Amino acid sequence: MATPDNSNLLRLWTGFFVQSMIFVIVLVVAMVYFVKTSAIATEWGRYSLIVAGLSFVPSIPLLLRYKEFFATSRGKLEAGQRQSIRRLMVIGMMVADLPAIAGVTHFVLTGELAVMGGFCVVTCVIVYLYRPPQA
């Protein structure tokens, strides 16, 4: 059974997770059907792939700090901690969209759909990792 603090965070996380899944699905469908790319800048493909690969790096310290809050709180959150963890969660899940955006940029430049799809999946996995514990 989730505590009231965790249940509020779980609702917030669920909203972001659903929003992220819809964002990724709409993004992939829109890119495939509405953007007729002809690999406009394949020479930039290698660089955009490197940038896309590094786009998840800002999520690592945010996720570690978020998990550390839960480890130190032991299930009970004070008002200040609750506000801090909520802010970390929101910022972290917004930063988690960077791989999808970088994947779309790579797709526009090179036309590689599989790479874009892979980075969209990375975005969903990062958002999933922000799920609050059900203590």
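Residues numbered from 1 in each chain as written. Predicted model: local features only at pLDDT ≥ 70, side-chain atom pairs only at ≥ 80, totals over all residues. Heavy atoms only, no water.

J.: Go over a nonpolar patch on the surface, please, and point to the residues and values.
T.: Taken together, the side chains of W44, Y47, I50, L54, F56, V57, I60 and L64 make up a nonpolar region of the molecular surface, amounting to roughly 810 Å² of accessible area. Elements that contribute at least two residues to the nonpolar patch include exactly α2 (45-54) and α3 (59-73). Looking at which element gives the most residues to the nonpolar patch, the answer is α2, with three residues. Here L54 is to be found in helix α2. (Patch = residues over 30% accessible without salt bridge, like charges linked within 9 Å, V, L, I, M, F, W, Y side chains within 5 Å. Areas by Shrake-Rupley, 256 points an atom, 1.4 Å probe, with all protein chains shown as cover. Salt bridge = Lys/Arg side-chain N within 4 Å of Asp/Glu carboxyl O. Helix = DSSP H or I, 4+ residues; strand = E, 2+ residues; numbered from the N terminus.)

J.: Before we move on, can you summarise α2 with the specific residues and values?
T.: Taken as a whole, α2 has its buried residues at G45, S48 and A52. Viewed along the axis of α2, the buried residues span an arc of 65 degrees, placing them on a single side of the element. Seen from the buried face of α2, the exposed residues on the opposite side, beyond 90 degrees, are R46, V51 and L54. Where α2 is buried, its residues meet α5 (98-110) and α6 (113-129). (Buried < 20%, exposed > 50% of the residue type's maximum accessible area, 1.4 Å probe, protein only. Arc of directions from axis to C-beta. Contact = heavy atoms within 4.5 Å.)

J.: Talk me through the nonpolar core; I want residue IDs and the actual numbers.
T.: Counting residues in hydrophobic clusters, the biggest one holds 19 residues, and the most contacted among them are W13, Y66, I85, M89, M93 and Y130. Secondary-structure elements contributing two or more residues to this core are α1 (4-34), α3, α4 (79-95) and α6. Membership of the second largest hydrophobic core comes to nine residues, among which are V24, L27, A100 and C124. (Core = buried A, V, L, I, M, F, W, Y, C linked by side-chain atoms within 4.5 Å.)

J.: Explain the packing of α5 against α6 to me, using residue names and the numbers behind them.
T.: Two numbers describe how α5 lies on α6: the axes approach to 7 Å, and their chain directions differ by 175 degrees. With respect to α6, the element α5 is oriented roughly antiparallel. Across the interface between the two elements, P99, A100, G103, V104, H106 and F107 from α5 touch L113, V115, M116, F119, C120, V122, T123 and I126 from α6. (Axes fitted to C-alpha atoms, helices over the stretch in contact; angles between N-to-C directions. Parallel < 35°, antiparallel > 145°, perpendicular 65-115°, else oblique.)

J.: Any chance you could break down the packing of aromatic side chains for me, citing the residues and the numbers?
T.: Given two aromatic rings, their pairing is described by the distance between the two centres and the angle made by the two planes. The full count for this structure, using the stated rule, is four aromatic pairs. Consider the rings of W13 and Y128, whose centres lie 5.9 Å apart with planes at 65 degrees: the pair is edge-to-face. Remark: Y128 occurs in helix α6 and W13 occurs in helix α1; sequence separation between them is 115 residues. Exposure remark for W13: the relative accessible area of 6% places this residue in the buried category. With 5.1 Å between their ring centres and 50 degrees between their planes, Y66 and Y130 make a pair best called tilted. (Phe/Tyr/Trp six-rings, centres within 6.5 Å; stacked < 30°, edge-to-face > 60°.)

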